[in-house]
Amino acid sequence: MMPKARRRKQITYYQRQRRDKEQEASPVRRALVIAVAGAGGKSTYIRQQAEKLALEGKRVAVTTTTHIYNPCVEYGIRESRSGDETEPAAVVKGVAYFGRPQGMDGRSYMSTRGGAPESAQQGWKLGPVSPEAFREICGVYDIVFVEADGSRSMPAKIPLEGEPVLPPATDEVVVVMGRHAVGRLPQSVCQHYNAALFHTICMEGKVQDEGGSAKTAGAACHEEKANQKLADDGMLPEEPLTETQLLHLAEACYIRPLRVRFPWIRSSYYLSDMYRSGAARQVTDVTFILMASGFGRRYSEHENKLLSDLHGHPLYMHALAHMVQSAQQLQEYHVKVGIGVVTRYPEIMQKTADLGEESITYLENHMAEEGITSSIRIGTRKALADHAQLVVFFAADMPYLEGRLITRFVCDCICSGKPYGCMAVRNETERTVTTTVPGAFRLDRGRVADDLLALHGDRGAMRLIRQRPWDAYYFYTEESVLRDIDQKCDDVPFIG
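Residues numbered from 1 in each chain as written. Predicted model: local features only at pLDDT ≥ 70, side-chain atom pairs only at ≥ 80, totals over all residues. Heavy atoms only, no water.

Observations regarding the sheet that holds strand β11 (residues 172-178)
Taken in spatial order, the seven strands of this open sheet run β4-β5-β2-β9-β1-β11-β13, and their pairing is mixed. Sheet topology places β4 (90-92) and β13 (266-272) at the edges, where each strand pairs with a single neighbour. In this sheet, adjacent strand axes meet at a mean angle of 25° when their direction is disregarded. Here three bridges tie strand β2 (residues 60-64) to strand β5 (residues 95-97), and the two strands are oriented parallel to one another. Paired with A61 across the bridge in β5 is A96. Contacting β1 (32-38), β2 and β9 (143-147), helix α5 (residues 131-140) crosses the sheet at an angle of about 140° to β9. (Pairing = 2+ DSSP bridges. Helix = DSSP H or I, 4+ residues; strand = E, 2+ residues; numbered from the N terminus. Axes fitted to C-alpha atoms, helices over the stretch in contact; angles between N-to-C directions. Contact = heavy atoms within 4.5 Å.)

This is how it looks when you write it as structure tokens:
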């Protein structure tokens, strides 16, 4: 058997050969190639760094080995139609973007509760260029940023085999995790979440933080098997994520494996902080709209679903109580919240008036037969009259969405700086994303208010988000908190 020292030396030799072979494949290359992997915040990090370097006089290019949003669609500029991959698809603020336009089916990207998504092919994405084109790009530009991973906008990720997809002759890898995952349950904000693996990673990091020695491979394997059994039995604790856990996740799943496979590539960790970037976009006035005009025909032909008793209170009152709780919490962030209840039912109007709360008013809906968009238009007009910068729409038949989660959703939407926001659930088995209410819309951004007022029919405002997904913030959460009451046979647990 070969001695360990000799074996390590030989492995290093073969790794050096592999590095030299990759570099020889790019004889004209002179660019610094930086691959960006991980989860939420990669595109923002690339854009900020690229534009900063372009201002310093550097020739900067951006491309991908997976997919990125097409800047022509995102910024509304004319796209290059030459068909030459070495010609930039767009140049924005001195940064050249390269990639092959990809038709993208909205059905494959995300589905929307209560309606089929748009099926028209749209060129929302740019795909990777050919290896030959990439070498030519590296021969022209000083720095090339490559988005080498995808996370469907989730703030944390455990990569699958073959991820990230590094381009040839990569010089540096930056692993990004989103700080907006902190305080959230990992199963709702981590792509490809694995309870046993995640628990093992966090426990290993805890041992290292406390000054202990790293576990042996056998001990780690034994603990992972034990944790897997606990996960199968539903006995692993569910604790909110911390910044330290995100760091350990990046090191265990990205940085250490990459250093073993590519020891000549520098790797670093970046914690994306949208709270800091959103500080300049201050929002002081918000309007909550409770849409309580539905007919609930699937629930009963003779009984009003919204007025049906749920643990001693009408169904809609649970959602309204959570909204009031969130409005009180948002006062701590110097955000004033007004609440409007859009309804066609005299009982709900009377009950709202009897509350005696100055910040809560009812808005009568005379066009409820048209569908949900009548409530959206009425709510938008109230928000504009209140001079609100943000309007958030809620469904009255969703009693499990707690006030603390609403508060976090509103704060994240504000800090993201995006015109739209919605809640989303990731199905890891089917690899689909379902978006649903509540939906948040920045009325002080572009034509958002006009678009809301132009909606008609029984298809809600989620269609605006599907048309411009790059302008939306997706707040991932558990499916249980977004459950609605559609039928009497629905299982209704006690609400605390």
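Having seen it, we continue.
A word on a negative patch on the surface
A surface patch of negative charge is lined by D84, E87, E132 and E136. Locating D84 in the fold gives a position in the loop between α3 (71-75) and β4. For D84, a relative accessible area of 38% gives the class partly exposed. (Patch = residues over 30% accessible without salt bridge, like charges linked within 9 Å, V, L, I, M, F, W, Y side chains within 5 Å. Areas by Shrake-Rupley, 256 points an atom, 1.4 Å probe, with all protein chains shown as cover. Salt bridge = Lys/Arg side-chain N within 4 Å of Asp/Glu carboxyl O. Lys, Arg positive; Asp, Glu negative; His and termini not counted. Charge placed at Lys NZ, Arg CZ, Asp CG, Glu CD. Buried < 20%, exposed > 50% of the residue type's maximum accessible area, 1.4 Å probe, protein only.)

Regarding the nonpolar core
Counting 71 residues, the largest nonpolar core has F288, L290, V392, V410, F441 and L452 as the members making the most contacts within it. Excluding residues that lie within four positions of it along the chain, L290 makes contacts with Y316, A319, L320, M323, G340, V341, V342, F394, A395 and A396. Membership of the second largest hydrophobic core comes to 25 residues, among which are L166, M177, C253 and I265. (Core = buried A, V, L, I, M, F, W, Y, C linked by side-chain atoms within 4.5 Å.)

Remarks on the pattern of salt bridges
Overall, the coordinates contain 15 salt bridges when judged by the stated rule. In this structure, the salt-bridge partner of D412 is R408, at a minimum N-O distance of 3.3 Å. Separated by four residues within a single helix, D412 and R408 lie in helix α14 (residues 403-416), roughly one turn from each other. Each member of the pair D412 and R408 is classed as buried. In this structure, D471 and R468 form a salt bridge, with 2.7 Å as the shortest nitrogen-oxygen distance. The exposure class of D471 is buried, given its relative accessible area of 16%. On the basis of relative accessibility, which here comes to 29%, the residue R468 falls in the partly exposed class. Within this structure, D149, K157 and E163 form a network of salt bridges that share partners.

A closer look at unusual backbone geometry
A cis amide bond, omega -5°, links E163 with the succeeding residue P164. Here P164 shows up in the loop between β10 (156-157) and β11. A cis amide bond links V437 with the next residue in sequence, P438, at an omega value of 5°. Here the phi dihedral of R152 falls at roughly 55°; this positive angle occurs in a residue that is not glycine. For R152, the location among the structural elements is in the loop between β9 and β10. Even without being a glycine, H192 presents a positive backbone phi close to 60°. Mapping H192 onto the fold places it in the loop between β12 (190-191) and α7 (195-209).

Observations concerning the environment of V433
Note on placement: V433 falls in strand β21 (residues 432-442). Residues V433 and Y476 lie 43 residues apart in sequence; the distance between their C-alpha atoms is 9.3 Å.

Description of the confidence of the model for the chain
For the chain, the average pLDDT comes to 82, and 77% of its residues sit at 70 or higher. Within the model, pLDDT remains below 50 along residues 209-224, and this stretch shows 16 contacts once partners closer than five positions in the same chain are excluded. Predicted confidence for residues 226-236 stays below pLDDT 50, and this span has 14 contacts to residues more than four positions away or in other chains. (pLDDT = per-residue confidence, 0-100.)

Let's talk about the pairing of β2
A large share of β2 lies buried, amounting to five of its five residues. Pairing of β2 with β9 involves five bridges; the strand directions are parallel. Bridge pairing links T63 to V146 in β9.

Topic: the pairing of strand β22 (residues 472-476)
Summarising burial for β22: five of the five residues are buried, a large majority. Alternating positions in β22 separate into two faces, A472, Y474 and Y476 on one and Y473 and F475 on the other, with burial throughout.

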